[in-house]
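Working through the structure, step by step
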Amino acid sequence: MTSSPLAAPSIPPVAVATAGADMFATAVAAQALPVERVDWRPPMDGTVEDIAVVAADPIRKTANDLALSRMLDVQALLVGVAPASEVLGLEPGQFLHAGPPIAWDRASGPLRGALMGAAAFEGLVEDPEDAAALFAAGTEVSLEPCHHRSAVGPMAGVVSPSMWMFVLEDPASGKRTYCSLNEGLGKVLRYGAYGPDVLTRLRWMRDVLGPLLGEAVAATVADHGPIDATAILGQMLQMGDEAHNRNRAGTLMLLRDLAPALVRSSRSAAEVAEAFAFIGGNDHFFLNIAMPACKLMLDAGRDIPGSTMVVAMARNGTDFGIQVSGTGDQWFTGPAQLADGLFLGDYGPDDANPDIGDSAITETAGIGGFAMAAAPAIVRFVGGTVPDALATSRRMREITLGENNRWPIPVLDFAGAASGIDVTAVCRTGILPQINTGMAGKVAGVGQVGAGLVTPPASIFPAALAELAARTRARG
Amino acid sequence: MSAEHVEIRAGAYADSVALLQVSRDVAATPGVTAAQVAMATELNLEVLATMGFTLPPASPNDMVVALRLEDETALAAALAAVDAALAAARKGDPGGGQVTVPARTTASALRRAGGGLALVSVPGASALVEAMDALDAGCDVMIFSDNVPLEQELAMKRIARQRGLLVMGPDCGTAVVGGVGLGFANTVAPGKVGIVAASGTGCQQVLALLDAAGVGVAAALGVGGRDLSAAVGGLSSLTALDRLDADPSVEHILVISKPPAPEVAAALEEYAGGLGTPVRFALLGAGQPDLTAQVEALLGDLGVAAPTWPTWGEPAVGSGEGGALRGLFVGGTLCDEAMLLAAEELGPIRSNIPLSPELALDASLLSPGHMMIDFGDDGLTRGRAHPMIDPTLRLEHLARVAADAETSVVLLDVVLGHGAEDDPAAGLAPAIAAARAARTDRGGPPLPVVVACVGTAADPQGLTRQAEALVAAGAEVHLSNAAATRRAIALATGGTR
């Protein structure tokens, strides 16, 4: 028998939380006790039984507590920059891509464009246009999700062996994650563009920027220790970045940290100046560090039986997929949605490809769209207002297991970023994770056409819940 | 004839996202075929060039307004739209959105409240997950919801028992915690009696009688009607007993239940024997004392003399011939208690909650002979509110029963307290008057109506006011359901009073 930790029954409770008939809430309020009402609505169609099975699972709470604490305990340090061939063992002909697994025949325009450009970049074909046949045949090339190799890639997320990667490490576990270097905005490979300018920039990144950053990061690590990406992310939220669609402060802080080592590097002043201009001119440069930092956190929360925490949200331009801690490496996929947002130039909704990229790993970790309140400068992406941003961040807390106290949001009175998406809570409330995203043109080669907000397809959460419930039942 | 307008606004600034929206708004203006308002950055100048605009020299700190129009006449309106959109972008949306969001789960509500107790009355199939939110937050929960699957009740009660937390319910109608009434609960003075109740209206009857005897209540913890079943095994009753035993202000404990599983009752009694606080069991069943007798015994334990239980109105007058007793209840335990008492004197009582299965009523709820109906039973509350909130069904049936010549007496209950109708007599008194009049229209004496009015002096509806309104309609009113039932039995067996 357990002794009660609670106040005696002759003492009134501090408050009453009511879910259901409002008359009971009214009756409690009439007795001068604080009442907190739940705005209860029926759960997503067909989920009511699975919700009860998972909620009654005796190991769920412990599993979720563990998943969340492992995730929040991770410290993501930038420890190196090196080619994918070296750190991921990628062989010629092997390509990584964003999102859940997909073959060439179902690949969207921007993913195809990025793969074609990468094939030319790797010298597999002379002209990117010739690469289509190579990928269609599939005999000399192979595709694999970044997520299957401890990596993440924004938009198309294509990684080939010669691309240089940021290397993030959690000192406690020694685990590592990887992400390519950010190319900037507009016509770039990750948005599916593969023109000569794109390939020229990729070669410069391979020949100049990558080695220079590798040298500078190594020197910085040697002189001052690794660069703490987790801490920079915390600073960014204080400085108007949400670390998905706004990385301006993060980029400048990185540049500040690397500047002495860049200046002292073995490269010529002209090349260093080029690198400064490139990084400083690309407000999204830090995104490619934010993403693997988030993945490092979420990977720590993986593979805990009974946990309903989402550990990955990723899109390949065709499918949107999630992975959940309690269901291992299984992907739950549905059709990627079109973002609602604003378009560059003459582009409109008809030009946009469905949602693409691994960058939703930021929302999975509690920033990006979840931390919209921290970045009022970009709330107008969907004609939104600052109050909308505050409400969005608060609404996301309705579907998360906890908050990240390392990432407080000042305008929310320093509440931590809502962290650890709970599949059960999504199915109960129907509130879908809010993702800030860029939009790629749907035709290969076009590049970026806009930016906006998007949600996952609702169906994948009940699908994940059904698998969690099946595993709960199997455990008995 | 289409026209183009390009102007550089030196030094003007708005952020890129605001400008994307300005561009969209301006492009939607009648007469405008394309619009781009942007800072003159390299990227934006490229975009403008691909749109076919020819641009004068500009720096990244200048704003470009580039418009393509159906004809020159559209220019003034287009520029006005640019200015309006820029002004709106600076001010933001004056309409503003909501900055707060409602709690959508019990977990969220408890987080906002800083803990406390959860009260769940969502549909039964969704009750478990809301209750688990409370248990996960280290909080007790009361579940009013009915139709919760038995295995779910068992699952959450097992988890709660492990964590030392209390699940009151499911199908728990009544609780009083620290003087606060939850669900259907009466207003009682604080005192030294602690109650564990697997019966909502049974608990309310006890609260009403103790209040009339001037005895206060420390707490009344509901546990749900199935808690003392063999399947559930009294899991919540055990925790409720622990809680009350540990509470220094509780000196006597009373356990109330509808007929329990004998082995569960025995186990509970054994457990209670090991506690420091004396525990009395008021378990309904054939041959067992009624609730009023149990309360009188408890008063004896407390050294308080049992009062004469309040009644209102003149004793009802019957025809002297007797006939069928028809009981129409909103309280399940009150109906149970009345059936147990009446069956001893009158024989079989048909019911929707029969004492034995062969006495079950069909869906018409009509049959010859003695009959008692619980309008609060799950089977009659699907898709409608509990009869303590919505009396329509019972009022309709009262008219039907009164029209039946075989009916010799009508027995009713009225349950007051938080959660119940604001003024139950307002609907019931006219229905009683009509029922009595229906009989006199045919030349007979008025139909006797006996009412058990369960409430306390401080209840929001006013016990005396309710009782007097019922008396004015011709009813004989008792505080004790057992006393009311005995009067009805007497009238049904031919006693005139």
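Residues numbered from 1 in each chain as written. Chains lettered and ligands numbered in written order. Predicted model: local features only at pLDDT ≥ 70, side-chain atom pairs only at ≥ 80, totals over all residues.

Turning our attention to the domain arrangement of chain A. All names here are of chain A. Here the domain parsing of chain A yields domain 1 (63-68 + 302-475) and domain 2 (72-289). Taking only C-alpha atoms into account, the centre of domain 1 sits 22 Å from that of domain 2. With 48 residues of domain 1 in contact, the opposing surface of domain 2 contributes 45 residues. Those elements giving two or more residues to the side of domain 1 that touches domain 2 turn out to be strand E9 (310-316), strand E10 (319-324), strand E13 (356-357), helix H12 (361-364), strand E14 (400-409), strand E15 (415-421), strand E16 (435-440) and strand E17 (448-454). A per-class count over the side of domain 1 that touches domain 2 returns 23 nonpolar, 19 polar and six charged. (Domains from an automatic or database assignment. Contact = placed C-beta atoms within 7 Å. Helix = DSSP H or I, 4+ residues; strand = E, 2+ residues; numbered from the N terminus. Nonpolar A, V, L, I, M, F, W, Y, C, P; charged D, E, K, R; others polar.)

Let us now look at helix H16 (residues 481-492) of chain B. Residue and element names in this part refer to chain B. When the terminal C-alpha atoms of H16 are compared, their 16 Å separation across twelve residues agrees well with the 16 Å that a helix rising 1.5 Å per residue should span. In terms of residue burial, H16 counts as a mostly covered element, since ten of its twelve residues are buried. Those residues of H16 not exposed but buried are Asn-481, Ala-482, Ala-484, Thr-485, Arg-487, Ala-488, Ile-489, Ala-490, Leu-491 and Ala-492. Following H16 by one or two positions, Gly-494 has its phi on the positive side, about 100°. (Expected span 1.5 Å × (residues − 1). Buried ≥ 20, exposed ≤ 12 C-beta atoms within 10 Å, placed from the backbone.)

Now for the interface of chain A and chain B. Listed per partner, the contact involves 64 residues of chain A and 76 residues of chain B. Breaking the side of chain A that touches chain B down by element, the ones donating at least two residues are strand E1 (16-19), helix H1 (22-30), strand E2 (35-38), helix H2 (48-55), helix H13 (386-396) and helix H14 (423-429) of chain A. Considering each element in turn, the side of chain A that touches chain B owes the most residues, seven residues, to H13(A). Residue classes in the side of chain A that touches chain B are distributed as 41 nonpolar, twelve polar and eleven charged. By the bridge criterion, four bridges tie E1(A) to strand E4 (residues 117-120) of chain B in an arrangement that is parallel. Paired with Val16(A) across the two strands is Leu117(B), which belongs to E4(B). (Pairing = 2+ DSSP bridges.)

Here we take up the confidence of the model for chain B. Residues and elements named next belong to chain B. Looking at chain B as a whole, its pLDDT mean stands at 92, while 97% of the residues score no less than 70. Predicted confidence for residues 92-96 stays below pLDDT 50, and this span has five contacts to residues more than four positions away or in other chains. In the predicted assembly, ipTM is 0.94 and pTM is 0.88. (pLDDT = per-residue confidence, 0-100.)

Let's shift gears to the sheet that holds strand E3 (residues 63-69) of chain B. Residue and element names in this part refer to chain B. Spatially, E1-E3-E2 is the arrangement adopted by the three strands of the open sheet, whose pairing is antiparallel. The sheet terminates laterally at strand E1 (3-9) and strand E2 (32-39), the two strands that pair on one side only. Between one strand and the next, the sheet's axes are offset by a mean angle of 5°, whatever the strand orientation. Looking at chain direction, E1 and E3 are connected through seven bridges and run antiparallel. In the sheet register, Val-6 faces E3, and the bridge partner there is Ala-66. Across the face of the sheet, helix H2 (residues 42-50) comes into contact with E2 and E3 while running at roughly 165° to E2. (Axes fitted to C-alpha atoms, helices over the stretch in contact; angles between N-to-C directions.)

Another point: helix H10 (residues 291-302) of chain B. Residues spaced three or four apart along an α-helix face the same direction, because each turn holds 3.6 residues. Over its twelve residues, H10(B) extends 16 Å from the first C-alpha to the last, a length consistent with the 16 Å expected when each residue adds 1.5 Å. Just beyond H10(B), the residue with positive phi is Gly303(B), at close to 75°.

Looking along the chain, the bond that leaves Gly169(B) and enters Pro170(B) is cis, with omega of 5°. With respect to the secondary-structure elements, Pro170(B) resides in the loop between strand E6 (167-168) and strand E7 (174-177). For Ala243(A), which is not glycine, the phi dihedral falls at a positive 70°. Tracing the chain through its elements places Ala243(A) in the loop between helix H8 (229-238) and helix H9 (248-263). For Phe414(A), which is not glycine, the phi torsion reads 65° and is therefore positive. Overall, the presence of 10 C-beta atoms within 10 Å leaves Phe414(A) in the exposed class.

Attention now goes to the pairing of strand E14 (residues 324-329) of chain B. Residue and element names in this part refer to chain B. With six of six residues buried, E14 lies mostly within the body of the structure. Burial along E14 is two-sided: Ala-324, Arg-326 and Leu-328 facing one way and Leu-325, Gly-327 and Phe-329 facing the other are all buried. With five bridges joining them, E14 and strand E17 (residues 407-415) adopt parallel strand pairing. Bridge pairing in E17 links Arg-326 to Val-410. Note that E14 and strand E16 (residues 371-374) share four bridges and pair parallel. Note that in E16 the partner of Gly-327 across the bridge is Met-372.

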